[in-house]
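# Descriptive structure summary
Read off the chains here:
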Amino acid sequence: MRRIAVVIEDDDDLRHLLTQTLEQHGFDVHAFSDGVPAVDAVRLLRPELTTVDVMLGGIDGFEAVRRIRSFHDGYILIISAVGDETATVEGFRSGADDYIVKPWRPYELRARIDALMRRPRGIRSDEPSAPAWLEAGALRLNPAARRVELDGELLDLTRSEFDVLQALMQRPGDVIEKSRIALMLRRQNGAAGEHVSAHDLHAVEVHMMNLRRKLGDDGRSGRWVETVRGIGYRFARQSD
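Residues numbered from 1 in each chain as written. Predicted model: local features only at pLDDT ≥ 70, side-chain atom pairs only at ≥ 80, totals over all residues. Heavy atoms only, no water.

### Some words on unusual backbone geometry
This is how it is decided: What counts as a helix is a DSSP run of H or I of at least four residues, what counts as a strand is a run of E of at least two, and both are numbered from the N terminus. Partly exposed residues are those whose accessible area sits between 20% and 50% of the maximum for their type, while under 20% is buried and over 50% is exposed, using a 1.4 Å probe and protein chains only.
Going from K102 to P103, the amide bond is cis rather than trans, its omega being -5°. With respect to the element layout, P103 can be found in the loop between β5 (98–101) and α5 (106–117). Although it is not a glycine, R46 sits at a positive phi angle of roughly 55°. By the secondary structure assignment, R46 is in the loop between α2 (35–45) and β3 (49–52). For R46, a relative accessible area of 13% gives the class buried. With a phi angle near 55°, D151 is a residue other than glycine that sits in the positive phi range.

Next up, the structure:
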């Protein structure tokens, strides 16, 4: 039985070449140029391998990986022209198993895929019986449903507020630099570039102020989000 692969690549020529390479390597390939229908296809097809470009229309590759990883354990390989360290780290943090920088070579790509497939991993055949939540005391966040509850009440967060809170909750106690948050939000809005301006940093501060207000936090050391002066923010570890 041939293995199934899903390709998410917005460049027509590269999508065709990648499809051809994977088919020659024994995969039945389903290719997409947009992240949202591709995530739905992964949910339906349960592929052994999914390749994801970073710069996509609609949601970016990092968000596509996060959504896929919330319900599927198949191998995910990011193939992107964005090769800086920040993007690579973000790719692995979003849930990718490997990261290849374009232009890629067919034989190297096949070798990397073979190495991935040798890693033990169980692929779920069914949807989980209950959604996966990030939980800290009375605060709960569901990445797949993009839902946040506090004390049982649904919070109305903007996209940026949700993304920032998710990033913080995934690394409780760790400090996330303000500049890193700015770059994350920029990529998730489909913008490129690595320079962080004063405007970008101010935008992060505004998002954090609004998020903390909705969480009921007040002051520099809030119940949920703490400010680390001159560096960034961290999610406070909960004792309850």
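### Focus on the side chain of D217
Here is the rule we go by: For the purpose of charge, His is not counted, nor are the chain termini; Lys and Arg are scored as positive and Asp and Glu as negative. Salt bridges are defined by distance alone: a side-chain nitrogen of Lys or Arg within 4 Å of a carboxyl oxygen of Asp or Glu. Contacts described as polar in this section are N or O atom pairs within 3.5 Å, which, within protein, must combine one atom able to donate a hydrogen with one able to accept it, while residues neighboring in sequence count only if both atoms come from side chains.
Inspection of the secondary structure puts D217 in the loop between α8 (198–215) and β11 (225–228). Despite its burial, D217 pairs with no opposite charge, the nearest such side chain being R212 at 4.3 Å. Within the structure, the side chain of D217 is placed 3.1 Å from the backbone nitrogen of W224, a separation counted as a polar contact. Here V225 takes part through its backbone nitrogen, which lies 2.9 Å from a polar atom of the side chain of D217.

### Focus: the pairing of β11
Rules: In short, DSSP must find at least two bridges between two strands for them to pair.
Pairing between β11 and strand β12 (residues 232–235): four bridges, direction antiparallel. In the strand pairing of β12, V228 is matched with G232. Between β11 and β12, which pair antiparallel and follow one another directly, the connecting turn spans three residues, one of which, G230, has a positive phi of 80°.

### Quick look at helix α6 (residues 159–169)
With respect to burial, α6 is a largely interior element, ten of its eleven residues being buried. Regarding α6, the residues found buried are S160, E161, F162, D163, V164, L165, Q166, A167, L168 and M169.

### Description of the packing of α6 against α8
What counts here: Here, axes are lines fitted to C-alpha atoms. For helices the fit covers the stretch in contact, and angles between N-to-C directions go from 0 to 180 degrees. With respect to orientation, any angle under 35 degrees is reported as roughly parallel, any angle over 145 as roughly antiparallel, any angle of 65 to 115 as roughly perpendicular, and every other angle as oblique. Any two residues whose heavy atoms approach within 4.5 Å are treated as being in contact. Side-chain classes follow a simple rule in which Ala, Val, Leu, Ile, Met, Phe, Trp, Tyr, Cys and Pro form the nonpolar group, Asp, Glu, Lys and Arg form the charged group, and the remainder, Gly included, forms the polar group.
With their axes 10 Å apart at the nearest point, α6 and α8 run at an angle of 80° to one another. The orientation of α6 with respect to α8, classified from their angle, is roughly perpendicular. Of α8, the residues touching α6 (which contributes S160, E161, V164, L165 and L168) are H207, M208, N210, L211, K214 and L215. Across the contact of α6 with α8, the residue classes break down as six nonpolar, three polar and two charged.

### What to know about the packing of aromatic side chains
The test is simple: In summary, the pairing rule links any two rings of Phe, Tyr or Trp, Trp by its six-membered ring, whose centres are within 6.5 Å, and it sorts them by plane angle into stacked for under 30 degrees, edge-to-face for over 60 and tilted for everything else. Two conditions define a charge located above a ring, namely a distance within 6 Å from the ring centre to NZ of Lys or CZ of Arg, and an angle within 35 degrees of the ring normal.
The tally for this structure, following the rule as stated, stands at one aromatic pair. Ring centres 6.3 Å apart and planes at 25° place the aromatic pair W224 and F235 in the stacked group. You can see W224 sitting in the loop between α8 and β11 and its partner F235 sitting in strand β12, a full eleven residues away along the chain. The residues W224 and F235 share a single accessibility class, namely buried. Seen from the ring of F71, R43 lies directly overhead, with NZ or CZ sitting 4.0 Å from the centre.

### Observations concerning the nonpolar core
Here is the rule we go by: We call a set of buried residues a nonpolar core when its members are Ala, Val, Leu, Ile, Met, Phe, Trp, Tyr or Cys and they connect through side-chain atoms within 4.5 Å of each other.
Counting residues in each nonpolar core, the largest one holds 26 residues, and the members touching the most others are L139 and L165. At six residues, the largest contribution of residues to this core is made by α6. If near-sequence neighbours (up to four positions away) are discounted, L139 is found in contact with L134, V148, E149, L150, L165, M169, L215, W224 and F235.

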